[in-house]
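Here is how the chains run, residue by residue.
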Amino acid sequence: MEREAIKSIIESLLFVADGPLTIQRLGEVLEGVEKEDLRSTLDELQAELENSGRGVRLVEVAGGYQLRTAKVNADWIKKFLGGRPARMGRATLETLAIIAYRQPITRAEIEAIRGVDVDGVINTLLDRSLIRAVARKDVPGRPFLYGTTPQFLQLFNLKDLTHLPTLKEMEEITLPEIPGEELPLESAEEC
Amino acid sequence: MEREAIKSIIESLLFVADGPLTIQRLGEVLEGVEKEDLRSTLDELQAELENSGRGVRLVEVAGGYQLRTAKVNADWIKKFLGGRPARMGRATLETLAIIAYRQPITRAEIEAIRGVDVDGVINTLLDRSLIRAVARKDVPGRPFLYGTTPQFLQLFNLKDLTHLPTLKEMEEITLPEIPGEELPLESAEEC
Amino acid sequence: MTTRVQLEIFEGPLDLLLHLIKRNEVSITDIPIATITEQYLATLEVMQTFNLDVAGEFLVMAATLIHIKSRMLLPMADDEEDEEEGTDPRQELVRRLLEYQRYKDVADQLERRELLTRDVFVRSAAPAEAIPPGFREVSVFELLTALKRVLDRLPKDVVHEVMLEKITVREKMTLLLDHLRTQGKILFESLFAEVTTRMEVIVTFLAMLELVKVRAIRIFQEEASGPIQIEAAAGIENAPAVLAMQDPEDDHHGT
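Everything in this summary refers to the structure shown in the same document. (Residues numbered from 1 in each chain as written. Chains lettered and ligands numbered in written order. Predicted model: local features only at pLDDT ≥ 70, side-chain atom pairs only at ≥ 80, totals over all residues. Heavy atoms only, no water.)

**Comments concerning the packing of helix α1 (residues 3-16) of chain B against helix α3 (residues 35-51) of chain B**
Residue and element names in this part refer to chain B.
Working step 1: Two elements in contact, α1 and α3, have axes separated by 10 Å at closest approach and are oriented at 75°. As summarised for this structure, α1 and α3 are arranged roughly perpendicular, according to the angle between their axes. Counted together, Arg3, Glu4, Ile6, Lys7, Ile10, Glu11 and Leu14 of α1 and Asp37, Leu38, Ser40, Thr41, Leu42, Glu44, Leu45 and Glu48 of α3 form the full contact between these two elements. (Axes fitted to C-alpha atoms, helices over the stretch in contact; angles between N-to-C directions. Helix = DSSP H or I, 4+ residues; strand = E, 2+ residues; numbered from the N terminus. Parallel < 35°, antiparallel > 145°, perpendicular 65-115°, else oblique. Contact = heavy atoms within 4.5 Å.)

Next comes the structure, spelled out in structure tokens:
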């Protein structure tokens, strides 16, 4: 197979892969292509993306290769993702916070804390797979106990629940960003 | 901002977007960049990806722009992803075609055209978010009226519904008679 | 077995009819009803021979064809209309076949397009960076940890009690702002000094959160692990106006 064709295939595979792709795995798909050739093609692709200042770069990470956005565009991506119309409301956010720190917790217990009906909010969080019913509480009515999901961890970029912020991290608080607000232009314009 | 920088940012945004990205949305993020400039940059990026035989291409679909793998690599991607790709059966395709051209349309109206029960197919299409109930028809029983979704456009790589293949006009074909009129005896007697 | 395989590909009676019309190389608009009916019935018979489940629609069509055929054989009086629909049955069938054919054609064309997940693919997994945030404010959680500490100091399970609390987040916000106006800087912990129920802790905490969000107050530490302090942000006098704007959203904080 031609080198350019291999490069194109590799780029396609990297694009659809949901995590870093190992040379090993690439070799399984591109049978017959030598590992060294795969590696040099990857290097070539990496250099091309880098040198032409593309918005997508190829990085070597976690023992494999992965396409990622160029660092220099980070603020724009944040602005793009942060400005999405389907943002979570304050009520949702706060309910999620209570669940995260108090799990497992029942609907009634959350309502007791927030002082308002949380049915709608709970459903939103369930829909978005940020929480799930983890068990039933052994009280009359056997209500569901809710806890957070792996998606929740992913959303907050947490390794696990023990990595939820602790008091020590309070020092890092300056002024929290208000969702949807623009990024400071100074940093944005550096790109 | 420099044109190359804009192109890089756009590529990053396309990469992280979870669906086709509209010029409108890009304009919201890249404030101050003219819509025409965005469009021409997108065209440029599209041409670049195309001409260099890259594994990822830029297509205009469902009212926006989306990065997709090159068609030529389809078999390799399928091999990589494994599993049997969900093939679309004839019944599904035909039903979808009828809904696409006749929307909004009821289940009974589709059945009248296809001559068979379409319950199962409709449910499959709803599950796959290719169609949705858009309203209820003001007739006895108030049946649902179905229409296609943006996912439908994405599936068939259509910019919008006006880009559907042209449906042959019924008028182009000489019908034996207008409904209600008699059948000419000459032709009838040939049988 | 080949017959069987072929039979199974018919999507319905109209599909079968179109197949027969094509095979006989006749025009849809001029169907030789006798021939087609005969072949249609023969096909159904084959289907039954192979114990295929002949769907009701196929049988209805068979009846329709026989009906049309019989009408074709009868001389048609000018004023005599079809007893069922007031139209000639063959004509209605032709119309249905033509319409169905149109959609079959476009279905073919659609199938030849670049299909997503067959010919082209998009990124399968939304990467962490692409997850809609909405609450990317990690600070909320940092604050909540503080809340947890306070809660842990309280006796467990006073859930019933909290239901009786009447204080609202908005009231607390006002109190806290007043407090800051007179005291200047206060300690985070002191907010909870006289609080006895979990509900009040939480209401106080939420009030503080609201104030941080509207940037009416600032929370900081002077050194790592040092005491957390709260002070009014610059321009605190504007805060009530900000709060007024927040009114609609505050409803859900009432106890």
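**A few points about the sheet that holds strand β5 (residues 144-148) of chain A**
Pairing between the strands of a sheet comes from backbone hydrogen bonds, and it takes one of two forms, parallel or antiparallel.
All names here are of chain A.
Working step 1: As summarised here, the arrangement of the 3 strands in space is β3-β5-β4, forming an open sheet in which the pairing is antiparallel. Each edge of the sheet is formed by a strand with only one pairing partner; in this case those strands are β3 (105-106) and β4 (131-136).
Working step 2: Alignment of β3 against β5, held across 2 bridges, turns out to be antiparallel. Bridging across to β5, threonine 106 finds its partner in leucine 145.
Working step 3: Each of β4 and β5 touches helix α7 (residues 119-127); the most contacted strand, β4, lies at about 105° to it. (Pairing = 2+ DSSP bridges.)

**Considerations on helix α1 (residues 3-16) of chain A**
Residue and element names in this part refer to chain A.
Working step 1: Taking 1.5 Å per residue, 14 residues should reach 20 Å; α1 reaches 20 Å between its end C-alpha atoms and fits that length.
Working step 2: The buried fraction of α1 amounts to 11 of the 14 residues, a majority that puts the element mostly inside the structure.
Working step 3: Along α1, the positions that sit buried rather than exposed are Ile6, Lys7, Ser8, Ile9, Ile10, Glu11, Ser12, Leu13, Leu14, Phe15 and Val16. (Expected span 1.5 Å × (residues − 1). Buried < 20%, exposed > 50% of the residue type's maximum accessible area, 1.4 Å probe, protein only.)

**A word on the packing of aromatic side chains**
Working step 1: Within the structure shown, the criterion is met by 5 aromatic pairs over all chains.
Working step 2: Measuring from centroid to centroid gives 6.4 Å for phenylalanine 144 of chain B and tyrosine 146 of chain B, while their planes differ by 55°, and the two rings are tilted.
Working step 3: Residue class for phenylalanine 144 of chain B comes out partly exposed when judged on its relative accessible area of 37%.
Working step 4: Taking relative accessible area as the criterion, tyrosine 146 of chain B reaches 4% and is therefore assigned buried.
Working step 5: It is arginine 136 of chain A that lies over the ring of phenylalanine 144 of chain A; its NZ or CZ is 4.2 Å from the centre. (Phe/Tyr/Trp six-rings, centres within 6.5 Å; stacked < 30°, edge-to-face > 60°. Lys NZ or Arg CZ within 6 Å of the ring centre and 35° of its normal.)

**Details of the sheet that holds strand β3 (residues 105-106) of chain B**
All names here are of chain B.
Working step 1: Pairing is antiparallel across the open sheet formed by 3 strands, whose spatial order is β3-β5-β4. Every other strand in the sheet has two partners, leaving β3 and β4 (131-136) as the edge strands with one partner each.
Working step 2: Docked against the sheet, helix α5 (residues 90-102) engages β3, β4 and β5 (144-148), running at close to 95° with respect to β5.
Working step 3: Contacts from helix α7 (residues 119-127) reach β4 and β5, with the element oriented near 105° to β4.

**Quick word on the side chain of aspartate 119 of chain C**
Working step 1: With respect to the helices and strands, the residue aspartate 119 of chain C is situated in the loop between α5 (89-111) and α6 (139-153).
Working step 2: Of the polar contacts made by the side chain of aspartate 119 of chain C, one reaches the side chain of arginine 118 of chain C; its length is 3.0 Å.
Working step 3: For aspartate 119 of chain C, the contacting residues outside a window of four places in its chain are Ala70, Lys71 and Ala74 of chain B together with Arg113 and Glu114 of chain C. (Polar contact = N/O pair within 3.5 Å; in protein donor to acceptor, adjacent residues only side chain to side chain.)

**Here's the deal with unusual backbone geometry**
Both trends apply: most residues other than glycine have a negative phi, and most peptide bonds are in trans.
Working step 1: Of note, the amide linkage connecting glutamine 103 of chain A to proline 104 of chain A takes the cis form, showing an omega dihedral of -5°.
Working step 2: Structurally, the position occupied by proline 104 of chain A is in the loop between α5 (90-102) and β3.
Working step 3: Positive phi, close to 45°, is recorded for alanine 62 of chain B, a residue that is not glycine.
Working step 4: The topology assignment puts alanine 62 of chain B in the loop between β1 (56-61) and β2 (64-69).
Working step 5: For threonine 117 of chain C, which is not glycine, the phi torsion reads 70° and is therefore positive.
Working step 6: With respect to the element layout, threonine 117 of chain C can be found in the loop between α5 and α6.

**Side note on the interface of chain B and chain A**
Working step 1: Contact with chain B, which involves 33 residues of that partner, is made by 34 residues of chain A.
Working step 2: Taken over both partners, the interface formed by chain B and chain A buries close to 3000 Å², and the fraction arising from carbon and sulfur atoms is 61%.
Working step 3: Contact with chain A buries area across many residues of chain B, yet Phe15, Trp76 and Phe80 of chain B alone supply 24% of it, more than any other trio.
Working step 4: On inspection of chain B and its partner chain A, the count reaches 18 residue pairs in polar contact (both at pLDDT 80 or more).
Working step 5: Top element by residues in the side of chain B that touches chain A is α1 of chain B. It accounts for 8 residues.
Working step 6: Residues belonging to the side of chain B that touches chain A are distributed by class as follows: 19 nonpolar, 6 polar and 8 charged. (Buried area = accessible area lost by both parts, 1.4 Å probe. Nonpolar A, V, L, I, M, F, W, Y, C, P; charged D, E, K, R; others polar.)

**Some points on the pattern of salt bridges**
Working step 1: Inspection of every chain in the model, using the stated rule, returns 35 salt bridges over all chains.
Working step 2: Between glutamate 4 of chain B and lysine 7 of chain B there is a salt bridge whose closest N-O contact spans 3.3 Å. Of the two residues, glutamate 4 of chain B and lysine 7 of chain B both sit in helix α1, 3 residues apart, roughly one turn of that helix.
Working step 3: Take glutamate 4 of chain B: its relative accessible area is 41%, and that puts it in the partly exposed class.
Working step 4: Residue class for lysine 7 of chain B comes out buried when judged on its relative accessible area of 5%.
Working step 5: A salt bridge links aspartate 119 of chain B to arginine 107 of chain B; the nearest nitrogen and oxygen atoms lie 3.0 Å apart. In this pair, aspartate 119 of chain B is assigned in helix α7 and arginine 107 of chain B in helix α6 (residues 107-114), connecting sequence segments 12 residues apart.
Working step 6: In this structure arginine 107 of chain B comes out as partly exposed when scored by relative accessible area, which is 23%.
Working step 7: One salt-bridge network, in which partners are shared between bridges, spans Arg90, Glu94 and Arg114 of chain B together with Glu11, Asp15, Lys104, Asp108 and Glu111 of chain C. (Salt bridge = Lys/Arg side-chain N within 4 Å of Asp/Glu carboxyl O.)

**Thoughts on the nonpolar core**
Working step 1: In terms of nonpolar packing, the biggest core is built from 52 residues, with Ile10 and Leu14 of chain A together with Ile10 and Leu14 of chain B touching the most fellow members.
Working step 2: Ignoring sequence-local partners within four residues, the contact set of leucine 14 of chain A consists of Leu21, Leu42, Leu45, Leu58, Tyr65, Gln66 and Leu67 of chain A.
Working step 3: Residues Val121 and Leu164 of chain A together with Leu180 and Ala216 of chain C belong to the second largest nonpolar core, which totals 46 residues. (Core = buried A, V, L, I, M, F, W, Y, C linked by side-chain atoms within 4.5 Å.)

**Here we look at the side chain of serine 8 of chain A**
Working step 1: Along the chain, serine 8 of chain A falls in helix α1.
Working step 2: Under the relative-accessibility criterion, serine 8 of chain A is labelled buried at 6%.
Working step 3: Among the polar contacts made by the side chain of serine 8 of chain A, one reaches the side chain of asparagine 73 of chain B at a distance of 2.9 Å.
Working step 4: The contact partners of serine 8 of chain A, leaving out residues within four places of it in the chain, are Gly53, Arg54, Gly55 and Asn73 of chain B.

**Re the environment of alanine 135 of chain B**
Residue and element names in this part refer to chain B.
Working step 1: For alanine 135, the position within the fold is in strand β4.
Working step 2: Take alanine 135: its relative accessible area is 34%, and that puts it in the partly exposed class.
Working step 3: When the C-alpha atoms of alanine 135 and tyrosine 146 are compared, they prove to be 7.3 Å apart, with 11 residues separating the residues in sequence.
Working step 4: Contact partners of alanine 135, with chain neighbours within four places excluded, come to Pro143, Phe144 and Leu145.

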